[in-house]
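# Coordinates in review
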Amino acid sequence: MSFNILISDPLSEEGIYPLRQADNVNIVMDTGLTNEQLEERIHEFDALLVRSQTQVTRSLISKATNLKIIGRAGVGVDNIDLDAATEYGIIVVNAPNGNTNSAAEHTMAMLMALSRNIPQAYHALKNQKWDRKKYVGVELKNKTLGIVGLGRIGVEVAARAKGQRMNVVAYDPFLTEEKAEKLGIGYGTFEEVIKQADFITVHTPLLKETRHMINADAFSIMKNGVQIINCARGGIIDEDALYDAILSGKVAGAALDVFEKEPFMDHKLLELPEVVATPHLGASTIEAQESVAIDVSHDVISFLNEDMVKNPVNLPSLPKEALAKIEPYFDLAEKLGAFLIDLTNEVAEEVSISYSGELYDMDVSPLTRNLVKGILKRHLGSHVNDVNALYLAERNGIAINENKTSVLKGFTNLISVEIKTKTKQRTVAGTLLNGFGPRIVKVDNYRVDVTPKGHMVVIQHIDQPGVIGRMGSMLAKHDVNIATMQVDRSDIGGNAMMMLTIDKHLEQDALEELQNLEEIKEVVAIDL
Ligand SMILES: NC(=O)c1ccc[n+]([C@@H]2O[C@H](COP(=O)([O-])OP(=O)(O)OC[C@H]3O[C@@H](n4cnc5c(N)ncnc54)[C@H](O)[C@@H]3O)[C@@H](O)[C@H]2O)c1
Ligand SMILES: O=C(O)CC[C@@H](O)C(=O)O
């Protein structure tokens, strides 16, 4: 199978070497497409690789009928409509580590440029002004740097600032006392941190909670003469409030690499001499660009060829070891879902999944997604995948319940699923037999032992002599060969279930003939 890949933002040529090496991809690098041109062409591609310029909007995604993966060569994915990608079953991957160092170094460069007025002094000198008085700066040593957002970049900035002999104090909802101690920094609430800082640098993503978190209220509690740096995302700082705070003298300087609207050119902030600015250059180093492009290229190739990614954004990712443990169950989970929906032959309203035995200690979320995928594919088709299965279940009003228990008799692991539809309630349970693969071991209250594969027939009947013989001859009449047969019953002469695996699909006429036998209550053909 070959794949078409579009690269719509400039990516490092060395970085996309893994893509160039793959023999089943056709790469189109076109970084000059307008939004309209992109929308016209996007259906041609299986993968789209971007940096921060291309706006991957809902409208674009809705036209991307063949798109399977969007790769973001960088961290921030705010130029990608993640909800739309998830809904359309398109996986989004990023390169979260490749530019951390460069972004941290750029932050330090901004901090130093700001504290020593380097850009302003340089600009004056270029304009024939030798002014040593005007550009007196301040030392960083013994000043307090407040870091808002102590993730990958925040941590690196903290280490570098300590190297400058600064006191570092940070706020991050996930920052614990132990972590702060280990890093040798102080910590506090948002207010506590921004109140005591001489310099404040933000390193959060742009989220609902972080949009304008540095606003007029925040400025009002900061020290007079505070200096602010934003190398994270435009919008974390309220630009109008920053402008006012600089004019009022509250803020002595600001260094900005990112802006609410980019490109950022005709803005009143740029007219202020206290503002130092770069055009979103935090990740613009040869090393970072190569590294993010390599990471994202590897993920795109391995997703297209093997369905595996390291850095998914719209799918929870598991550590390698945890994934290796849970992966063997994927097929069983999907098959149980598919089996159950064929058995009920009605749209699901509620699905309750119980994981037992050794599954108790595992992160089973990928199994739930696979199981729900198996259920939904029957009515929603092949566009259901791991990315959108839970979203589509929710959108279609299907409640998904999940529970775990460590207690289990007989098997080492068991997945039991109950499905409720408008008129039915059915259950199936399956296990992964060590060395033998997946097995269905229970259907409703009947015990079976069947590999969930190929063509099956589930027959509910009355337990009485002759049924099996009559059924066998009827199937023979339709040239249906029985591969395996299992029978279980509730009690002598009561209800019973027969489960057959057969060598071909059971046609409707054969199914109806079976159904017409007096002792038979229900016949369901299942093809997995
Ligand atoms: N200027 C550039 O070119 C450039 C380059 C790389 C990254 N970035 C941006 O830098 C930012 C940080 O990147 P990262 O790789 O360190 O991300 P990260 O995910 O490792 O860290 C983000 C941190 O922000 C914290 N956070 C979230 N909400 C918060 C809140 N309300 N208050 C305080 N902290 C909060 C998170 O807990 C996390 O620790 C992102 O916005 C990213 O897009 C910019
Ligand atoms: O692509 C870029 O240069 C910017 C990347 C940066 O903003 C990021 O979030 O990784």
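Residues numbered from 1 in each chain as written. Chains lettered and ligands numbered in written order. Predicted model: local features only at pLDDT ≥ 70, side-chain atom pairs only at ≥ 80, totals over all residues.

### So, the overall build of the chain
When you go through the chain residue by residue, the secondary structure sums to 18 helices and 22 strands. Relative to a compact globule of 528 residues, whose C-alpha radius of gyration would be 24 Å, the chain shows 31 Å and is clearly more extended. Oriented by its inertia axes, the alpha-carbon framework of the chain measures out at about 110 × 50 × 40 Å. Across the 528 residues in the chain, those meeting the buried criterion constitute 42%. At a minimum sequence separation of 6, the contacts of the chain that also span at least 24 residues come to 65%. (Helix = DSSP H or I, 4+ residues; strand = E, 2+ residues; numbered from the N terminus. Rg over C-alpha atoms; globule rule 2.2 N^0.38 Å. Buried ≥ 20, exposed ≤ 12 C-beta atoms within 10 Å, placed from the backbone. Contact = placed C-beta atoms within 7 Å.)

### Some details on the site of ligand 1
In the vicinity of ligand 1 lie 31 residues, with Gly-76, Gly-149, Gly-151, Ile-153 and Gly-282 positioned nearest. Elements that contribute at least two residues to the shell around ligand 1 include exactly helix H5 (100-115) and helix H7 (152-163). For the shell around ligand 1, the element with the most residues is H7, which contributes 3 residues. Looking at side-chain class alone, the shell around ligand 1 contains 15 nonpolar, 11 polar and 5 charged residues. (Near = placed C-beta within 6 Å. Nonpolar A, V, L, I, M, F, W, Y, C, P; charged D, E, K, R; others polar.)

### A word on the sheet that holds strand S16 (residues 425-433)
Remark on secondary structure: sheet strands pair via backbone hydrogen bonds, oriented parallel or antiparallel. Pairing is mixed across the open sheet formed by 6 strands, whose spatial order is S14-S13-S15-S16-S17-S18. Each having just a single partner strand, strand S14 (399-405) and strand S18 (446-450) make up the two edges of the open sheet. For this sheet the average axis-to-axis angle between neighbouring strands, irrespective of direction, equals 20°. Relative to strand S17 (residues 437-443), S16 runs antiparallel, the two sharing 6 bridges. Considered in S17, the bridge of Leu-432 is made with Pro-438. Relative to the sheet, helix H14 (residues 330-344) contacts strand S13 (348-357), strand S15 (413-421), S16 and S17, its axis offset from that of S16 by approximately 155°. In this fold helix H15 (residues 365-380) packs onto S13, S14 and S15, with an angle of close to 145° to the strand it touches most, S13. (Pairing = 2+ DSSP bridges. Axes fitted to C-alpha atoms, helices over the stretch in contact; angles between N-to-C directions.)

### Quick notes on the nonpolar core
One broad rule of soluble globular proteins: the nonpolar side chains tend to lie buried together. Core analysis: the largest hydrophobic core is formed by 98 residues, its most contacted members being Ile-5, Leu-49, Ile-90, Ala-170 and Val-300. Ranked by residues supplied to this core, first place goes to helix H12 (residues 286-306) with 9 residues. Residues from two domains meet in this core; each of domain 1 (3-95 + 287-306) and domain 2 (100-277) gives at least three. Among the nonpolar cores identified, the runner-up in size contains 54 residues, and Leu-340, Ile-398, Ile-440 and Leu-514 belong to it. (Core = buried A, V, L, I, M, F, W, Y, C linked by C-beta atoms within 7 Å. Domains from an automatic or database assignment.)

### Focus on the site of ligand 2
Taken together, the neighbourhood of ligand 2 is formed by Arg-51, Ser-52, Gly-74, Val-75, Gly-76, Asn-99, His-280, Gly-282, Ala-283 and Ser-284. When the residues that make up the shell around ligand 2 are grouped by side-chain class, the tally is 2 nonpolar, 7 polar and 1 charged.

### So, unusual backbone geometry
Here the bond from Glu-262 into Pro-263 is cis, since omega is -5°, no more than 30 degrees from zero. Mapped onto the elements of the fold, Pro-263 is located in the loop between strand S11 (251-256) and strand S12 (275-277). Positive phi is not limited to glycine here, since Asn-142 has a value of about 70°. With respect to the helices and strands, the residue Asn-142 is situated in the loop between helix H6 (118-126) and strand S6 (144-148). Phi is positive for His-212, close to 60°, though the residue is something other than glycine. Considering the arrangement of structural elements, one finds His-212 in the loop between strand S9 (199-202) and helix H10 (216-221). Given 17 C-beta atoms within a 10 Å radius, His-212 is considered partly exposed.

### Comments concerning the domain arrangement of the chain
Accessible area lost upon the coming together of the parts serves often as the stated size of an interface. On domain assignment, one finds that the chain holds domain 1 (3-95 + 287-306), domain 2 (100-277) and domain 3 (320-527). Each of domain 2 and domain 3 has a C-alpha centre, and the two are 58 Å apart.

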